[in-house]
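Structural overview
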Amino acid sequence: LADAARDRFNLRILNVSLGAPADDPATAPLTEAVERLWADGITVVAASGNEGGGVDAPGLDPYVITVGAADAAPAPPMGTVPSWSSRGPDFAGRAKPDLVAPGVGLVGLRAPGSTIDLANPEARVGDHYFRGSGTSMSTAVVAGAAALVAAAHPEWGPDRVKAALTGTADPLEQP
């Protein structure tokens, strides 16, 4: 579906704010799909997962930009990675996630009546917004940054966009 929309809507960035256990055979088609999209020129940004263990699929794929969460609260500790933000090696043994971004207590659009909305009424911010935490929230932040990079450099493919984001990120002082 995303591949078909690429030309019609000039789709250049795909946010995959979901994941599945890497050892589940059902994740193979998802991983294959993101690799195919990457090869077709779509930068895929995926969540690392919220279990604190190894990275979920498709985020553990070396091609995608995998995003973990950081607490960017205005008070110390700033930029710390919560223990629930998943991390670990990708298929090739390289460290994942590639980046962390704010993902604690972010306000986003609310989906009234959704499972998360009904289970967490205290997280509602007015009628239209919802406060949440997780690597999916962080992934949306990085997907937005990737879209800005891609818009500024329309000739760049996914590898160049990923290199620009990871190459200019500030290192954290924690592993």
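Rules used throughout
Starting from 1, residues in each chain are numbered consecutively following that chain's sequence as written. Where local features are concerned, this predicted model is filtered to residues with pLDDT of at least 70; where side-chain atom pairs are given and counted, the filter is 80 or more; whole-chain, interface and lining totals use all residues. The basis for every side-chain value is the complete set of non-hydrogen atoms in the structure, without hydrogens or water. A side-chain nitrogen of Lys or Arg and a carboxyl oxygen of Asp or Glu constitute a salt bridge if their distance falls within 4 Å. A 1.4 Å probe rolled over the protein chains alone gives each residue an accessible area, and that area as a share of the maximum for its type sets the label: buried under 20%, exposed over 50%, partly exposed in between. Each helix is a run of H or I in the DSSP string that is no shorter than four residues. Each strand is a run of E no shorter than two, and both are numbered from the N terminus. By construction, the arc corresponds to the directions joining the helix axis to the C-beta atoms. Residue contacts are defined here by distance: any two heavy atoms, one from each residue, within 4.5 Å place the two residues in contact.

**What about the pattern of salt bridges?**
The full count for this structure, using the stated rule, is 5 salt bridges. Put simply, Asp117 and Arg110 hold a salt bridge, and the shortest N to O gap is 2.6 Å. Accessibility classification places Asp117 together with Arg110 in one group, the buried group. Between Arg124 and Asp117 there is a salt bridge whose closest N-O contact spans 2.8 Å. The exposure class of Arg124 is partly exposed, given its relative accessible area of 31%. Via salt bridges that share partners, Lys96, Asp98 and Lys162 belong to a single interconnected network.

**Section: helix α5 (residues 158-168)**
Among all positions of α5, only Pro158, Val161, Lys162, Ala164 and Leu165 are buried. The buried residues of α5 all sit within an arc of 160° when viewed along its axis, so they share a single face. Residues of α5 that are exposed and point over 90 degrees away from its buried face: Asp159, Gly167 and Thr168. Buried residues along α5 sit in contact with α2 (28-39), β2 (43-47), β3 (65-70), β5 (95-96), β6 (99-102) and α4 (135-152).

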